[in-house]
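Survey of secondary and tertiary structure
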Amino acid sequence: MEKVIGILRFALMREIEGREFYKEKAKKVSSKEIKALLEGLAYMEEDHVKFIENLMKKVENNVEVTLDDAQQAIVRTDFFEGREKSEMVNGSLDQMANDLAILRMAYLIEEDFEKFYKESAEKVSDPEMKKILNLLGTWENGHKKALEEAYEEAKRSYWNQQGFEPLF
């Protein structure tokens, strides 16, 4: 149990940091689409925070946790589906470069979260907790994919603004 609590405590700190990163960076981007993406991620990270806090309470009180706990959690994984395609990045080249840097940092955060959850799942013995941690990793993978798509779209816009297209 101590190992699980340690994992959840660390996960909670990371999710709070992620939420605060997205809130802060949403105020600093020039693109309304990227702002909406970051605000959506902040909302989802808040759901993760609540979910992990509830898991911690159950584990601390020796209440059995099951995959049903995760499946009942209100965590939107479809937030990015159907997002209207438009010029992802606009504004001056400096603003566009800033937006790209923020998207890249966000992608790396989600990649770290996903890796943490998958590795943690391998370290716990409880089969239900393994499933829950793997599911959390899957949620983070969805965030990562959305950010990767947004980054690629924004990068193309940035290149187009400069009349540049790399050979690769």
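Shown above is the structure to which this text applies.
We now turn to the structure provided with this report. (Residues numbered from 1 in each chain as written. Predicted model: local features only at pLDDT ≥ 70, side-chain atom pairs only at ≥ 80, totals over all residues. Heavy atoms only, no water.)

**A few points about the overall build of the protein**
Threshold: We count a stretch as a helix when DSSP gives it H or I for four or more residues in a row; a strand needs E for two or more, and each element gets its number in order from the N terminus. Working definition: with a 1.4 Å probe on protein chains only, accessible area under 20% of the residue-type maximum means buried, over 50% means exposed, and in between means partly exposed. By the convention used here, residues are in contact when the closest approach between their heavy atoms is within 4.5 Å. With residues, only the protein chains shown are counted as cover, and all accessible areas are computed by Shrake-Rupley using a 1.4 Å probe.
Assigned secondary structure in the protein consists of five helices and zero strands. Shown N-terminal to C-terminal, the secondary structure of the protein runs as helices and strands in the order α-α-α-α-α. Looking at the protein as a whole, 46% of its 168 residues qualify as buried. Counted over contacts in the protein with a minimum sequence separation of 6, partners at least 24 positions apart contribute 81%. Entry remark: accessible area of the protein is about 9,400 Å², with carbon and sulfur atoms responsible for 50%.

**Things to note about helix α2 (residues 32–60)**
Rules: Expected span of a helix, by definition, is 1.5 Å for each gap between consecutive residues, and there is one gap fewer than residues.
Its 29 residues place the ends of α2 42 Å apart at the C-alpha level, agreeing with the 42 Å of an ideal helix rising 1.5 Å per residue. Two residues or fewer after α2 comes Asn 62, characterised by a positive phi angle close to 55 degrees.

**Examining the pattern of salt bridges**
For clarity, the threshold we go by: What counts as a salt bridge is simple: a side-chain nitrogen of Lys or Arg found within 4 Å of a carboxyl oxygen of Asp or Glu.
Per the counting criterion, the structure on display carries eleven salt bridges. Across the pair Glu 17 and Arg 14 runs a salt bridge whose closest N-O atoms are separated by 2.5 Å. Here Glu 17 and its partner Arg 14 are both found in helix α1 (residues 2–26), three residues apart, which amounts to about one turn of the helix. By relative accessible area, which is 44% here, Glu 17 ends up partly exposed. Ionic pairing is found between Glu 128 and Lys 131, a salt bridge with its closest N-O pair at 3.3 Å. In this pair, Glu 128 and Lys 131 are both assigned in helix α5 (residues 127–162), three residues apart and thus about one turn of the helix distant. When its relative accessible area of 42% is taken as the criterion, Lys 131 is described as partly exposed. Because the salt bridges share partners, they merge into one network encompassing Arg 19, Glu 20, Lys 23 and Glu 46.

**Some details on the packing of helix α4 (residues 93–123) against α5**
A packed helix pair is summarised by two numbers, namely the angle formed by the two axes and the spacing between the axes. The line we're drawing: For helices, the fitted line uses only the C-alpha atoms of the stretch in contact; every axis is such a line through C-alpha atoms, and the angle between N-to-C directions lies from 0 to 180 degrees. Our angle categories are set so that under 35 degrees counts as roughly parallel, over 145 as roughly antiparallel, 65 to 115 as roughly perpendicular, and the remainder as oblique. Two helices cross in a left-handed way if the nearer one is turned anticlockwise from the farther one by less than a right angle. They cross in a right-handed way if the turn is clockwise.
Relative orientation of the contacting elements α4 and α5 amounts to 160 degrees, with a least axis distance of 8 Å. Classified by the interaxial angle, the pair formed by α4 and α5 is roughly antiparallel. The two elements α4 and α5 cross, and the hand of that crossing is left-handed.

**Considerations on the environment of Lys 23**
Note on placement: Lys 23 falls in helix α1. Linking Lys 23 and Leu 38, residues 15 residues apart in sequence, is a C-alpha distance of 7.0 Å.

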